[in-house]
Structure formats: C-alpha cells, structure tokens
Amino acid sequence: MDLLDRPEYQFLKHHPRLGKNIIFLTYGGSHAYGTNVEGSDIDIRGCTLNSKADLLGMGDFEQVVDTETDTTVYAFNKLLTLLTSCNPNTIELLGCKPEHYLVHTPIGKQLIDQRKMFLSRRAAISFGGYANQQLRRLENALAHDAYPAEVKERHIMGSCENAIFTFPERYRNFSLEQIRLSVAQVDGGPQVVADIRMEQVPLRTLTGMVSELVEITRNYDKIHHRNKKKDDVHLNKHAMHLVRLYLMCLDILEREEIVTYRAADHGLLMDIRNGRYQREDHTFNSAFYDLLNGLEKRLDYAREHTSLPETPDLARIEAFQMEVNERVVRNEI
C-alpha cells in the first residue's frame, strides 16, 4: 500500500483546503535528509493553493497541520513568503530527491524548477540562526564550563545575529550593515564585540535593540540541567542537524543549489548521530568543535564571496505568485 493510501493520510484527499488544491507533497525530516534510522518518524510537507475566497475575501489561511501524521501543508502565499526569507524549514522542500515527491502537479513542478529565484545572501543569516538554535539546545543541556570560551562566545554572537536579522522589520530605518558582530580577544579572553555605525538614531530605538541583545547574553549565562544519559540520543541528533544546516547553507552560497538529501555527507552525519563525537562524560570532543569552527569559517568566507544577490528575485517571485493566483481566481486550475 502506498503511503498516502493509508487510512491516517486520507485527510489529504478529503480536507477542503487540500485534495486537488495540493501542488506538491514530499518527505520532511530525517527521511528527506537521508539520516533516518529504524523507527524514525515519517514527516510529510507540502503546499496547497490559496482559495478564491482567500485571495478576494477576508481569509487568512496559512497552513494545515496534522500532528498524528507529522504533516504540514503550507498555503501557497505563506510558503512563498517563507521561501523569500530563505527559511531553512521550507527552502529544503524545493531540493528533495525527485522520488521523494509524493504529489507533483505542473504548478508544483514549476515552483520547484524555479527554486533559484528564492536564493540570496539571506541564507547565511537564516540558516545561521537555525544552526545557533541547535547549538543552544546542545549547550543549554550540558554544563557550560565544559565548553571552550570561544565556542560560547560564537554561539552568543550567532544568537544575537539572528535577532539583528529581524530588526529591519521592527525598527524603522535600520539596516543590517549598521551592526556587525565578531569574536575578538578582549582582556585576555574571547568576547563578542560590535562595530556600530549609526547616525540620528532615536534613543528609544537604540535602547530597544541593545536591550534585546543584552537579554540574549543574560539568558545564555543561566545554567540549565539535564538527565545526561537519557538525553544523549537527542543531543547527538541536534549535533547532527547543526552540521547539516551549515552544509546545506554552504551548498546555497557556494554552488547556488538546494541539496536536501545529504548523500555525500551521510557518513559524517550518521557518525555524529551515532555518538562518535561524544565523550564518556557526555560532552562533545574537540574534533566536533574543530569541525564546527571549520564550517563557520567557511560560511563566513562564502557569505562575503557568494555570487548570490543580497535579496532574492522579488520581481520574478511576485510575477509567479500573481500568475498562479490569477488562475485560481479565474477558476482555471
């Protein structure tokens, strides 16, 4: 029996938002990356068209989520917004193995074939932010003094950069070039330092941004505890996904490609997942941090030298969105 013919997936055919409106369905999670093991959950991800009422009326439909089957199907307009920001959880849906697409309509194929229009330097920030979330999960789960000081500072920097990436949407007249962070030796040890170039910035705006960055640093310094052996499987999985995010981002920046199924990196990723880089005291060894440092340096270089534009091809994306939605309104789909 095909996966989608199973009883638990029948909602995909009968849900009023789905059915013939779905333009593609594919695997998500470990099956999409090729890092699944026995017992790994099957995640399904996809996209469905907005309705005529959504486009001309007051609808605000964004997605259908079925927790029983770990399925998420995004509305077309919502997905394009996420793709434009190079959101890692959605951009990966356009780079799956061909045989992993369970549903693939002509519009879905058109979207996937035009995936490069969504690629930009934003990938460095978005993927870096998600990678730092994975790193936070690791480091918050272990005693902080088990990690090198520079690793801690780089994590803090990454978390702050993720916050800074959202500032242009929330603080008027702010651009990403106005605050640049790095790790430098200060007073005999590594610390995050900031280069700030601003003129005529309202004090309340400046105070708001600085307060957010201070709060990130303060929260990081709080000690968290865990049941060590119980969580090792999850920690190694987080470590694997951290490295996977870096590798996917590098494919985007260096080769302008979205490679979701990590065939070339399978051995490395599974070694991490299986605990090869974890020491007997449950922390991660120096080889793992050497790997991370190498990936970070490579990402820093790729961010500065990529041939990708600063922003995606917004005109092309909008034209495609208008074309598809106009066909929906005209009942041509």
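Look above for the structure.
All of the points below concern the structure found in this document. A quick note: this is a predicted structure, and the numbers were derived from the prediction, not measured. (Residues numbered from 1 in each chain as written. Predicted model: local features only at pLDDT ≥ 70, side-chain atom pairs only at ≥ 80, totals over all residues. Heavy atoms only, no water.)

To continue, consider the overall build of the protein. Each helix and strand in the protein was counted, giving 14 helices and 7 strands. Taken over C-alpha atoms, the radius of gyration comes to 21 Å for the protein, in line with the 20 Å a tight globule of 333 residues would show. Overall, the C-alpha framework of the protein stretches about 65 × 55 × 35 Å when taken along its three principal axes. Counting every position in the protein, which comprises 333 residues, the buried fraction comes to 49%. Considering only intrachain contacts with a sequence separation of at least 6, the fraction spanning at least 24 residues in the protein is 71%. Summing over all exposed atoms, the protein offers an accessible surface of approximately 17400 Å²; the carbon and sulfur share of this is 48%. Between the centroid of the 41 positive side chains of the protein and the centroid of its 48 negative side chains there is a distance of 1 Å. (Helix = DSSP H or I, 4+ residues; strand = E, 2+ residues; numbered from the N terminus. Rg over C-alpha atoms; globule rule 2.2 N^0.38 Å. Buried < 20%, exposed > 50% of the residue type's maximum accessible area, 1.4 Å probe, protein only. Contact = heavy atoms within 4.5 Å. Areas by Shrake-Rupley, 256 points an atom, 1.4 Å probe, with all protein chains shown as cover. Lys, Arg positive; Asp, Glu negative; His and termini not counted. Charge placed at Lys NZ, Arg CZ, Asp CG, Glu CD.)

Turning to unusual backbone geometry, a few remarks are in order. For aspartate 70, which is not glycine, the phi dihedral falls at a positive 55°. Structurally, the position occupied by aspartate 70 is in the loop between β3 (63-66) and β4 (71-75). If you check the backbone angles, cysteine 86 has positive phi at about 60° while not being a glycine. With respect to the helices and strands, cysteine 86 occurs in the loop between α4 (76-84) and α5 (88-91).

Over its 16 residues, helix α8 (residues 149-164) runs 23 Å from end to end, which matches the ideal 22 Å to within 8%, given 1.5 Å per residue. The buried count for α8 comes to 12 of 16 residues, which makes it a mostly enclosed element. Those residues of α8 lying buried are Val151, Lys152, Glu153, Arg154, His155, Ile156, Met157, Gly158, Ser159, Cys160, Ala163 and Ile164. (Expected span 1.5 Å × (residues − 1).)

It is at 12 Å that the axes of helix α6 (residues 106-113) and helix α14 (residues 314-329) come closest, and there the two elements cross at 175°. Accordingly, the angle class assigned to the pair α6 and α14 is roughly antiparallel. Residues Ile107, Gln110 and Leu111 of α6 lie in contact with α14, whose contacting residues are Phe320, Glu323, Val324 and Arg327. Looking at the contact of α6 with α14, its residues break down into 4 nonpolar, 1 polar and 2 charged. (Axes fitted to C-alpha atoms, helices over the stretch in contact; angles between N-to-C directions. Parallel < 35°, antiparallel > 145°, perpendicular 65-115°, else oblique. Nonpolar A, V, L, I, M, F, W, Y, C, P; charged D, E, K, R; others polar.)

We now examine the environment of histidine 266. Tracing the chain through its elements places histidine 266 in helix α12 (residues 266-273). Separated by 143 residues in sequence, histidine 266 and alanine 123 place their C-alpha atoms 22 Å apart. For histidine 266, the side chain forms a polar contact with the main-chain oxygen of glycine 34, separated by 3.2 Å. (Polar contact = N/O pair within 3.5 Å; in protein donor to acceptor, adjacent residues only side chain to side chain.)

What follows deals with the packing of aromatic side chains. Applying the stated criterion across every chain, the model contains 6 aromatic pairs. Here phenylalanine 288 and tyrosine 289 contribute two aromatic rings whose centre-to-centre distance is 5.5 Å and whose plane-to-plane angle is 80°, an arrangement assigned as edge-to-face. Residue phenylalanine 288 is classed as buried on the basis of its relative accessible area, which comes to 0%. Given the relative accessible area of 5%, tyrosine 289 is considered buried. One aromatic cluster in this structure is built from Tyr277, Phe284, Phe288 and Tyr289. The ring of tyrosine 261 has lysine 97 lying over it, and the distance from NZ or CZ to the ring centre is 4.2 Å. (Phe/Tyr/Trp six-rings, centres within 6.5 Å; stacked < 30°, edge-to-face > 60°. Lys NZ or Arg CZ within 6 Å of the ring centre and 35° of its normal.)

Turning to empty space enclosed by the protein, a few remarks are in order. Under the counting rule described, the total for this entry stands at 1 cavity of 30 Å³ or more. Of the pockets and cavities examined, the largest cavity occupies roughly 40 Å³. At the level of secondary structure, the elements contributing two or more residues to the lining of the largest cavity comprise α8 and α13 (286-305). When residues in the lining of the largest cavity are grouped by element, the largest group, 4 residues, is from α13. For the lining of the largest cavity, the per-class residue count stands at 4 nonpolar, 1 polar and 2 charged. (1 Å grid on protein atoms, 1.4 Å probe; cavity = no way out; pocket = protein on both sides within 12 Å on 5 of 7 lines; lining within 4 Å. Points joined across faces, edges and corners; volume = space filled by probe spheres on them.)

As for its position among the elements, proline 312 is in the loop between α13 and α14. With a relative accessible area of 5%, proline 312 lands in the buried category. C-alpha separation for the pair proline 312 and threonine 207, spaced 105 residues apart in sequence, amounts to 31 Å. In this structure, proline 312 is in contact with Thr84, Met117, Phe118, Leu119, Ser120, Arg122 and Ile317, ignoring residues within four places of it in sequence.

Turning next to the packing of α4 against α14. A packed helix pair is summarised by two numbers, namely the angle formed by the two axes and the spacing between the axes. Viewed as axis vectors pointing N to C, α4 and α14 meet at an angle of 170°, and their least axial separation amounts to 11 Å. On the basis of the axis angle, α4 is roughly antiparallel to α14. Mapping the contact onto sequence places Phe76, Asn77, Leu80 and Thr84 in α4 and Leu314, Ile317, Phe320, Gln321, Val324 and Asn325 in α14. A per-class count over the contact of α4 with α14 returns 6 nonpolar, 4 polar and no charged.

To continue, consider the environment of valine 201. Looking at the secondary structure, you find valine 201 in the loop between β7 (189-196) and α10 (203-220). Residue classification places valine 201 among the partly exposed residues on the basis of a relative accessible area of 26%. Residues valine 201 and threonine 90, spaced 111 residues apart in sequence, show a C-alpha to C-alpha distance of 35 Å.

Treat this as a map of the structure, not an account of what it does.
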